[in-house]
Amino acid sequence: MRMLRVPLSLGVLLALVGAPPAQGCAAPQALVSGMLQRLEGSVLEDARPNPSVLLALNLAGASSRHVQKLLLQQLKEEAVERAQKDMASGEVALLVLALLSSCQDPQQVQALGLSVDLLHVLQQATDEELANMEVEGVPKTTLYNVGLDALSLCLAGVGGYQEASVELAKELLSPSSPLSVDTRAMAALALVCTYGRTDLHDVRDLLQEALSTVTNGFLDEQEERGGLIGNIYSMGLAMQALESAGRFYAPRQWDCSQALSVVAEHHFQLPTAIAQLLPALVGRTYLEAGSLDCSSITRASRSLQPRWPHPQVRLLLMGWALRARGAAPSMPLSLAAAPITVQFSIINKLQGKHFSFSTAVQVPAGSTLLEVLEAAAEEDPTVYSFQTEQTSWGTMVVSIHGLAGNAADRTYWRFLSGSDALQEGVALYKPQDGEHIQAVFSTY
């Protein structure tokens, strides 16, 4: 039997929790337009369709209806081909959000002569995540995915989102469970939705405590670090969480302008990073995915009014726009071609036969870390050979020296500069002369 889908808007949710709608944290139009153009271009460039991109385009108001239709059709084809085979629960959840934001029924996805009920698939996958948590203390994949699952099921009005939200709240309040900003932010979005739907007082009390803890923690970190919450790629979801959960950190106020000034300093390139940030820049969140007026989606971006919340943001955005158009001043050819030396180490003290190797690699200035890895592998393939996979976050190194990360073991290759984890992927990060990059086989 099919369950009734009842999408909730952010306004309805806030009415249910007894709070007025939050005032939008809207960024200047120049920044929004540049990111919209980058996302629209990525639809034609990327081999695999990205549901985060469609969700962001719908929330922010894409200018090209053709791009939205093309991406929607690609995602439907992806859904009927893969959803019941090899998709993680979080991937299915993102598809549901993308479809809801396009006014499509995720219970009846049709393409290529096939059909699939994504909500049924998502409920089963969420049940598997929770069952694994009960037996082993960790989900089948990640808590981030569980947050996505709970949010999508809640917005669709079906399934066991309340049980998932309770487990998320317990993890958020556990002192022995340090969670990333991304995970906490996604969980907070799910908890806001569930709080607005549940009538159980003990559940509401638990969710309220968890939401207060998370959001006040974000505000504390932003104050201490001059606007930054986590790293630059965490800002999008953190801003969405603060945008939607004002009731839970009141009477404190969120300095949205400070957060905007931080993100304006960075030139975002990865479509997924832009897609997480863009809704927050127009004062929206994933909680609104199920209640958009699809007839007016393409007009939304034209109605956004420029705002300049920080005096220095104007200059920062001028630089961002120049870089986005490729107009940033270029380095002299002689400097661009000058070689640099990067120390590169690979370390495994976790699994099988332990090893530690290090080499000095010479590459042209401006080379990416991926090019450093390629140079090391060319010099000594028996030691430094590696394999990559393309993900929604760009190129991911999955194996080095014949040792591959494994989801079942929760292992992966972690890249550090000195003792600090890199904030960008190997295809974007550009090491400096004399920098020491370490690839360390780790667990998550």
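Residues numbered from 1 in each chain as written. Predicted model: local features only at pLDDT ≥ 70, side-chain atom pairs only at ≥ 80, totals over all residues. Heavy atoms only, no water.

1. Thoughts on the packing of helix 3 (residues 51–60) against helix 4 (residues 65–82)
Between two packed helices, what matters for the description is the angle formed by their axes and the separation of those axes.
Then, in step 1: Relative to each other, helix 3 and helix 4 sit at 145 degrees, their axes nearing to 10 Å. Both helix 3 and helix 4 take part in a crossing whose hand is left-handed. Contacts between helix 3 and helix 4 pair Pro51, Val53, Leu54, Leu57 and Asn58 from the former with Val67, Gln68, Leu71, Leu72 and Leu75 from the latter.
Then, in step 2: Per-class residue counts for the contact of helix 3 with helix 4 are eight nonpolar, two polar and no charged. (Axes fitted to C-alpha atoms, helices over the stretch in contact; angles between N-to-C directions. Helix = DSSP H or I, 4+ residues; strand = E, 2+ residues; numbered from the N terminus. Left-handed = near helix turned anticlockwise from the far one by under 90°. Contact = heavy atoms within 4.5 Å. Nonpolar A, V, L, I, M, F, W, Y, C, P; charged D, E, K, R; others polar.)

2. Re the packing of aromatic side chains
Then, in step 1: This structure, assessed with the given rule, holds seven aromatic pairs.
Then, in step 2: Between Phe344 and Tyr384 the ring centres are 5.9 Å apart and the planes differ by 45 degrees, which places this aromatic pair in the tilted class. With Phe344 in strand 3 (residues 339–348) and Tyr384 in helix 18 (residues 381–384), the pair connects residues that are 40 residues apart, well separated along the chain. The pair formed by Phe344 and Tyr384 is uniform in burial state, with each residue classed as buried.
Then, in step 3: Sitting above the plane of the Tyr195 ring, Arg204 keeps its charged end 4.2 Å from the centroid. (Phe/Tyr/Trp six-rings, centres within 6.5 Å; stacked < 30°, edge-to-face > 60°. Buried < 20%, exposed > 50% of the residue type's maximum accessible area, 1.4 Å probe, protein only. Lys NZ or Arg CZ within 6 Å of the ring centre and 35° of its normal.)

3. So, the pattern of salt bridges
Pairs can form between side chains of opposite charge once their charged atoms are near each other.
Then, in step 1: If you walk through the whole model with that rule in mind, you get ten salt bridges.
Then, in step 2: A salt bridge links Glu91 to Arg82; the shortest N-O distance between them is 3.5 Å.
Then, in step 3: Note that Arg252 is salt-bridged to Asp220, the shortest N-O span being 3.0 Å. Of this pair, Arg252 sits in the loop between helix 11 (235–244) and helix 12 (256–264) while Asp220 sits in helix 10 (residues 201–224), and the two are 32 residues apart along the sequence. (Salt bridge = Lys/Arg side-chain N within 4 Å of Asp/Glu carboxyl O.)

4. Focus on the sheet that holds strand 3
Then, in step 1: Taken in spatial order, the five strands line up as 4-3-10-8-9 in an open sheet, and their pairing is mixed. For this open sheet the edge positions go to strand 4 (355–364) and strand 9 (420–421), each flanked by a neighbour on one side alone.
Then, in step 2: Here two bridges tie strand 8 (residues 411–417) to strand 9, and the two strands are oriented antiparallel to one another. Opposite Ser417, over in strand 9, you have Asp420 as the bridge partner.
Then, in step 3: Each of strand 3, strand 4, strand 8 and strand 10 (436–443) is contacted by helix 17 (residues 369–379), which is oriented at about 110 degrees to strand 4, the strand it contacts most. (Pairing = 2+ DSSP bridges.)

5. Describing the sheet that holds strand 7 (residues 403–404)
Consider a sheet: its strands pair through backbone hydrogen bonds, and that pairing is either parallel or antiparallel.
Then, in step 1: Taken together, three strands build an open sheet; the order of strands is 5-6-7 and the sheet is antiparallel. Of all the strands in the sheet, the pair left with one neighbour each is strand 5 (386–391) and strand 7.
Then, in step 2: Examined bridge by bridge, strand 6 (residues 394–400) and strand 7 share two bridges and lie antiparallel to one another. Bridging from a neighbouring strand, Ser399 pairs with Ala404 of strand 7.
Then, in step 3: Sheet strands touched by helix 17: strand 5 and strand 6. Its angle to strand 5, the strand with the most contacts, is close to 155 degrees.

6. Side note on a negative patch on the surface
Then, in step 1: A contiguous patch of negative charge, built from Glu371, Glu374, Glu378 and Glu379, is present on the exposed surface.
Then, in step 2: Within the secondary structure layout, Glu374 lies in helix 17.
Then, in step 3: Classification of Glu374 by relative accessible area gives partly exposed; the value is 41%. (Patch = residues over 30% accessible without salt bridge, like charges linked within 9 Å, V, L, I, M, F, W, Y side chains within 5 Å. Areas by Shrake-Rupley, 256 points an atom, 1.4 Å probe, with all protein chains shown as cover. Lys, Arg positive; Asp, Glu negative; His and termini not counted. Charge placed at Lys NZ, Arg CZ, Asp CG, Glu CD.)

7. A word on the pairing of strand 4
Then, in step 1: As paired strands, strand 3 and strand 4 are joined by ten bridges and run antiparallel to one another. Its bridge partner lying in strand 4, Ser345 is registered against Ser358.
Then, in step 2: If you look at the hairpin formed by strand 3 and strand 4, you'll find six residues sitting between the two strands, and Gly352 has a positive phi there, around 60 degrees.

8. Some points on the state of the cysteines
Should the sulfur atoms of two cysteines be covalently bonded, the bond is a disulfide.
Then, in step 1: Following the criterion strictly, the structure yields one disulfide and no others.
Then, in step 2: A sulfur-sulfur separation of 2.1 Å characterises the disulfide bridge that pairs Cys154 with Cys193. Disulfide Cys154-Cys193: torsion about the S-S bond near -95 degrees, hence left-handed. Highlighted residues: Cys154 in helix 7 (residues 143–156) and Cys193 in helix 9 (residues 181–197), separated in sequence by 39 residues.
Then, in step 3: Residue Cys154 is classed as buried on the basis of its relative accessible area, which comes to 0%.
Then, in step 4: Overall, Cys193 belongs to the buried group, its relative accessible area being 0%. (Disulfide = S-S within 2.5 Å.)

9. Quick notes on empty space enclosed by the protein
Then, in step 1: Throughout the structure, instances matching the rule amount to one cavity of 30 Å³ or more.
Then, in step 2: Its volume calculated, the largest cavity comes out at about 30 Å³.
Then, in step 3: Looking at the lining of the largest cavity element by element, the count peaks at three residues for helix 13 (residues 271–281).
Then, in step 4: Taken together, the residues that form the lining of the largest cavity break down as five nonpolar, two polar and no charged. (1 Å grid on protein atoms, 1.4 Å probe; cavity = no way out; pocket = protein on both sides within 12 Å on 5 of 7 lines; lining within 4 Å. Points joined across faces, edges and corners; volume = space filled by probe spheres on them.)

10. A word on the confidence of the model for the chain
Then, in step 1: Looking at the chain as a whole, the pLDDT averages 85, with 84% of positions reaching at least 70.
Then, in step 2: Here residues 1–6 is a poorly scored stretch, pLDDT under 50, and it has 21 contacts once near neighbours within four places are set aside; other chains count.
Then, in step 3: Within the model, pLDDT remains below 50 along residues 14–23, and this stretch shows 15 contacts once partners closer than five positions in the same chain are excluded. (pLDDT = per-residue confidence, 0-100.)

11. A few points about the side chain of Ser152
Then, in step 1: One can find Ser152 in helix 7.
Then, in step 2: Ser152 sits in the buried class, given a relative accessible area of 0%.
Then, in step 3: A polar atom in the side chain of Ser152 sits 2.9 Å from the backbone oxygen of Ala93.
Then, in step 4: Setting aside residues up to four positions removed in sequence, Ser152 forms contacts with Ala93, Val96, Leu97 and Leu122. (Polar contact = N/O pair within 3.5 Å; in protein donor to acceptor, adjacent residues only side chain to side chain.)

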